[in-house]
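# Residue-level structure breakdown
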Amino acid sequence: NAGVTQTPKFQVLKTGQSMTLQCAQDMNHNSMYWYRQDPGMGLRLIYYSASEGTTDKGEVPNGYNVSRLNKREFSLRLESAAPSQTSVYFCASSPGGGATDTQYFGPGTRLTVL
Amino acid sequence: QKEVEQNSGPLSVPEGAIASLNCTYSDRGSQSFFWYRQYSGKSPELIMSIYSNGDKEDGRFTAQLNKASQYVSLLIRDSQPSDSATYLCAVKRSGGGADGLTFGKGTHLIIQP
């Protein structure tokens, strides 16, 4: 089991460029999440998908879109990258629902926007 | 605004001693509480979860929860240099939905050999 995988590991973009961050899990989890982590800010939720076919906004959704492609895959798209989106992006998954639901994180994508 | 507060540190503890990490949260309806460990440049790794008042022990780690005081802590006994990392407190709000976690900013722990 690979758990949660993310591609790419590193990316440098110029302002205004677009890109899609990919995430996949092989744990048959129902729920998937995208977080960003900035120095001194902790992890903040961007979007989540409680189950296949549904997506919802988190704390900081502006400038991002998501697609839950199937049960395994959840992608994050930046349509027009801005320097403020320079961050480390983590994807996570969980079985889904319930007070004891536990999230497991992927290795992260380190994005720099120039 | 739901908040989770942690002392950013660094917290310096001698090898073999007990490290005590603290976290407070503002949403009184929070149900689930998690401690993640994050090494520099790596992803968060689950250490402990706790759901009811009291203590929960797992090896060298003990999580403590006091919902009345809105306080959760993590004790690490017999601290080792490999415990040096940032520890993130995370809270899941009330309700059964999969709506993400609210994280504190983390406490940087340094175990001195």
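Up top is the structure.
The paragraphs below set out a description of the structure included in this document. This one's a predicted model, so the numbers in the text were calculated from it and none came from an experiment. (Residues numbered from 1 in each chain as written. Chains lettered and ligands numbered in written order. Predicted model: local features only at pLDDT ≥ 70, side-chain atom pairs only at ≥ 80, totals over all residues. Heavy atoms only, no water.)

## Points about the interface of chain B and chain A
In this complex, chain B contributes 22 residues to the contact, which on the side of chain A involves 24 residues. Contact between chain B and chain A buries roughly 1700 Å² in total, counting both sides, with carbon and sulfur atoms accounting for 57%. Summed over the shared surface of chain B and chain A, the result is zero salt bridges. In this assembly, chain B and chain A are joined by five residue pairs in polar contact (both at pLDDT 80 or more). Where the side of chain B that touches chain A is concerned, the elements lending two or more residues are β4 (32-38) and β9 (85-92) of chain B. Counting residues per element, the side of chain B that touches chain A draws most heavily on β4 of chain B, at four residues. (Contact = heavy atoms within 4.5 Å. Buried area = accessible area lost by both parts, 1.4 Å probe. Salt bridge = Lys/Arg side-chain N within 4 Å of Asp/Glu carboxyl O. Polar contact = N/O pair within 3.5 Å; in protein donor to acceptor, adjacent residues only side chain to side chain. Helix = DSSP H or I, 4+ residues; strand = E, 2+ residues; numbered from the N terminus.)

## Considering the pairing of strand β6 (residues 54-58) of chain B
Residue and element names in this part refer to chain B. In this structure, β6 lies alongside strand β7 (residues 61-66), joined through five bridges in antiparallel fashion. When the sheet's bridge partners are listed, Lys56 is paired in β7 with Ala63. Hairpin remark: β6 followed by β7, antiparallel, with two residues in the connecting loop; positive phi at Gly59, about 65 degrees. (Pairing = 2+ DSSP bridges.)

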